[in-house]
There are 2 protein chains.
Amino acid sequence: MTFSTPGLTGATIERADQIRVDPDRLVELMTFRARLLKMDGLEPQFDHNGGLAWGSLADAAEDSDLIFLGLDKDVPCFAEVRAGGTGDAGPANPRLWQGLMALPAEQLALYGGARSVVDWHMRHNFCANCGSKTVLAKGGWARHCLTDNGGCGAEHFPRVDPVAIMLAEHDGKVLLGRQPRFPVKRFSALAGFIEPGESIEEGVARELWEEAGIKVRDVRYVASQPWPFPSSLMIACTSICDDPALTLDTTEIEEAGWFGETDVRAAMVGDPDAPFIAPPPFAIAYNLLEHWLSMRS
Amino acid sequence: MTFSTPGLTGATIERADQIRVDPDRLVELMTFRARLLKMDGLEPQFDHNGGLAWGSLADAAEDSDLIFLGLDKDVPCFAEVRAGGTGDAGPANPRLWQGLMALPAEQLALYGGARSVVDWHMRHNFCANCGSKTVLAKGGWARHCLTDNGGCGAEHFPRVDPVAIMLAEHDGKVLLGRQPRFPVKRFSALAGFIEPGESIEEGVARELWEEAGIKVRDVRYVASQPWPFPSSLMIACTSICDDPALTLDTTEIEEAGWFGETDVRAAMVGDPDAPFIAPPPFAIAYNLLEHWLSMRS
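Being a predicted model, the structure only gives us computed values, none of them experimental.

Draft legend 1. Local environment of the packing of aromatic side chains. Residue and element names in this part refer to chain A. Throughout the structure, instances matching the rule amount to 19 aromatic pairs over all chains. Centre to centre, the rings of phenylalanine 68 and phenylalanine 78 are 5.5 Å apart; their planes meet at 55°, and the pair counts as tilted. Of this pair, phenylalanine 68 sits in strand β5 (residues 65–72) while phenylalanine 78 sits in strand β6 (residues 75–81); the two residues are ten residues apart in sequence, bridging distant segments of the chain. The same class applies to phenylalanine 68 as to phenylalanine 78, namely buried. Considering the side-chain rings of tryptophan 97 and tryptophan 227, the 5.4 Å spacing of their centres and the 25° angle between planes classify their relative orientation as stacked. Separated by 130 residues along the polypeptide, tryptophan 97 in helix α3 (residues 94–101) and tryptophan 227 in strand β13 (residues 216–227) bring together distant segments of the chain. This pair shows no difference in class: tryptophan 97 is buried, exactly as tryptophan 227 is.

Draft legend 2. Here's a closer look at the packing of helix α6 (residues 261–268) of chain B against helix α7 (residues 284–296) of chain B. Residues and elements named next belong to chain B. Running from amino to carboxyl end, α6 crosses α7 at an angle of 135°, the nearest separation of the two axes being 11 Å. On the basis of the axis angle, α6 is oblique to α7. The element α6 and its partner α7 pack so that their crossing is left-handed. Where α6 approaches α7, its residues Glu261, Val264, Arg265 and Met268 are matched on the opposing element by Tyr286, Leu289, Glu290, Trp292, Leu293 and Arg296. Split into classes, the residues belonging to the contact of α6 with α7 amount to six nonpolar, no polar and four charged.

Draft legend 3. A look at the domain arrangement of chain A. For chain A, the assigned domains are domain 1 (1–123), domain 2 (124–158) and domain 3 (161–296). Taking only C-alpha atoms, the centre of domain 2 of chain A and the centre of domain 3 of chain A are 37 Å apart.

Draft legend 4. Representation of the interface of chain B and chain A within the structure. Listed as interface residues are 49 residues of chain B and, on the opposing side, 49 residues of chain A. Carbon and sulfur atoms make up 53% of the area that chain B and chain A hide from each other, which totals about 3700 Å². Summed over the shared surface of chain B and chain A, the number is six salt bridges. A salt bridge links Glu195(B) to Arg20(A); its shortest N-O distance comes to 2.7 Å. Taken together, the links from chain B to chain A amount to 28 residue pairs in polar contact (both at pLDDT 80 or more). Looking at the side of chain B that touches chain A, the element that brings in the most residues is helix α5 (residues 200–212) of chain B, giving six residues.

Draft legend 5. Molecular detail of the pattern of salt bridges. All names here are of chain A. For the structure on display, the rule yields 48 salt bridges over all chains. With its nearest N and O atoms 3.0 Å apart, the salt bridge here joins glutamate 155 to lysine 138. Highlighted residues: glutamate 155 in strand β9 (residues 155–156) and lysine 138 in the loop between β7 (135–137) and β8 (142–144), separated in sequence by 17 residues. Note on glutamate 155: relative accessible area 37%, which makes it partly exposed. Judged by its relative accessible area of 31%, lysine 138 falls in the partly exposed class.

Draft legend 6. Spatial organisation of the relation of the copies chain B and chain A. Mapping chain B onto chain A is achieved by rotating through 180° and translating by 0.0 Å along the same axis, at an RMSD of 0.0 Å. Here the copies are linked by what is in effect a two-fold axis. Mapped onto chain A, 100% of the interface residues of chain B again fall at the interface, so both copies present the same surface.

Draft legend 7. Geometry of the packing of α3(A) against helix α4 (residues 105–122) of chain A. All names here are of chain A. With their axes 10 Å apart at the nearest point, α3 and α4 run at an angle of 140° to one another. Relative to α4, the element α3 lies oblique. Across the interface between the two elements, Leu96, Trp97 and Leu100 from α3 touch Leu108, Tyr111 and Arg115 from α4. Its residues assigned to classes, the contact of α3 with α4 shows five nonpolar, no polar and one charged.

Draft legend 8. Fine view of the sheet that holds strand β7 (residues 135–137) of chain B. Residue and element names in this part refer to chain B. Spatially, three strands are ordered β7-β8-β9 in an open sheet, and the strand pairing comes out antiparallel. Lying at the two open borders of the sheet, with one neighbouring strand each, are β7 and β9 (155–156). Inspection of the sheet shows β7 paired to strand β8 (residues 142–144) by three bridges, in the antiparallel sense. Within the sheet, the bridge partner assigned to leucine 136 lies in β8 and is arginine 143. Along the sheet face, helix α4 (residues 105–122) touches β7, β8 and β9 and points at about 20° away from the line of β8.

Draft legend 9. Focus on helix α3 (residues 94–101) of chain B. Residues and elements named next belong to chain B. Those residues of α3 not exposed but buried are Leu96, Trp97 and Leu100. Along the long axis of α3, the arc covered by the buried residues comes to 100°, so they all point the same way. Exposed residues lying more than 90 degrees from the buried face of α3 are Pro94, Arg95 and Gln98. Among the structural elements, β3 (43–44), α4 and β13 (216–227) are those in contact with the buried residues of α3. Sitting at the head of α3, asparagine 93 places a side-chain oxygen 3.0 Å from the backbone nitrogen of arginine 95.

Each value, and the rule that gives it
- Residues numbered from 1 in each chain as written.
- Chains lettered and ligands numbered in written order.
- Predicted model: local features only at pLDDT ≥ 70, side-chain atom pairs only at ≥ 80, totals over all residues.
- Heavy atoms only, no water.
- Phe/Tyr/Trp six-rings, centres within 6.5 Å; stacked < 30°, edge-to-face > 60°.
- Helix = DSSP H or I, 4+ residues; strand = E, 2+ residues; numbered from the N terminus.
- Buried < 20%, exposed > 50% of the residue type's maximum accessible area, 1.4 Å probe, protein only.
- Axes fitted to C-alpha atoms, helices over the stretch in contact; angles between N-to-C directions.
- Parallel < 35°, antiparallel > 145°, perpendicular 65-115°, else oblique.
- Left-handed = near helix turned anticlockwise from the far one by under 90°.
- Contact = heavy atoms within 4.5 Å.
- Nonpolar A, V, L, I, M, F, W, Y, C, P; charged D, E, K, R; others polar.
- Domains from an automatic or database assignment.
- Buried area = accessible area lost by both parts, 1.4 Å probe.
- Salt bridge = Lys/Arg side-chain N within 4 Å of Asp/Glu carboxyl O.
- Polar contact = N/O pair within 3.5 Å; in protein donor to acceptor, adjacent residues only side chain to side chain.
- Least-squares fit on C-alpha atoms with pLDDT ≥ 70 in both.
- Pairing = 2+ DSSP bridges.
- Arc of directions from axis to C-beta.

Right, dumping it as structure tokens:
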């Protein structure tokens, strides 16, 4: 079993940061050549081949804001923030995933980044520092609280929330758990937001202590993935546990257990007799289990 | 040369997440036994041994909010958010570092985490979604926009902004650069915020492309560190560059160059004849250079 590239990575668009900060250049790029990623609020629209649907800037509503996504082979690409859109801080919905899973990797990655930024604008219209209305800036990669509008002058940037997602290993078995909202029989790696004042490695250890009551050592980074529900950076790690006795935080984890290599291999190939259903291939927990198996073979 | 533990890590306080979400338990802990981390706004106060100064909750101003930092050997520890405090989004100041560098590692880490959360409260009094005033919640690890106060009900959490900081290697030399605000002769690893829609590895490659005009491959994670100015998660990586021709973004980097092992070793031991001054030991760029040297010996 090889180690796959994490899902939602591999966008090929050139983000062209130097254009974002150049308002004149941005306006110059807003011509009939420019492309608009067609979205229904946050949901993607698909073309007849199942790819992401694109239109022109004429398709954007008059009161929409535009986000400059970057250059695709020199073609400027934008996304639309509809006025009055409410965003969505919730997890991915299964119906959406059916369309997304059919996308080529680079299109899925492009959509993920666009969704996170559009959602951030929809849920960040006001200045957290002073409560004034803010305006989109830097081609959509910032919002400004304008002093000539009675604001405080603060600059705000899209959030990226780092999340530790991790395996603990004890005696040749790995710890996997179920959140109450998971599909039946699905088990995955435990995860949680990294907090101010801790490293990735410390976040991994704290989360396993809080959620499963175990102490771990030798935390090792494996891979990372952006996760656009709404805007996490998933940071996947392994760790070693000496004492496997579990004490679950049942508000977070309804069930957890230690699974051996045979069980994990069966789940990863979709064996109906496997004791659990593996995380889907676009989730980095899948890559983490692939990695763990590859270390054992 | 060994690989040191990154600065600002190693806090020994138990964050005790289960207490944060239990308002009754929090009130029970606010007794004469509880300790208050003495801060002047965001600046630490020091005791006569140069350690962090602690007082009791009686030392907090009446209109301050309290943040539950956690349990230190069962003693509840709090920090104070002074009403009207303005926070500070700027970089570390050199005077502050003189006091911080003398702190034991676990005290520096504790202060760093407390500073980030206090600063976040000071600069996030309003709901980014609707503009209403928010209130401190979960022992200081959230703010709520209350609907019975005319708000939208949104929940907000302290920001942690992931930053890629990285070496590129070409032909046995590493790329280091100077930001305009650096002390004279100081060179360090290039760095930049990871954006929505990219992995750590993609962020590293994009930042080196934007800031130095080089393409890199084989990005490898090395270590991480929280950085409380105001609340970054520094993620240190190495990478390989095949074509060393530099095109600098001079708004970010005023000078950059490729440095060989002899030069880096001289700088790391503080040799006055070294061609540059190394980053300070509490910065993860220092650990990154230590790591790079250890890979070559």
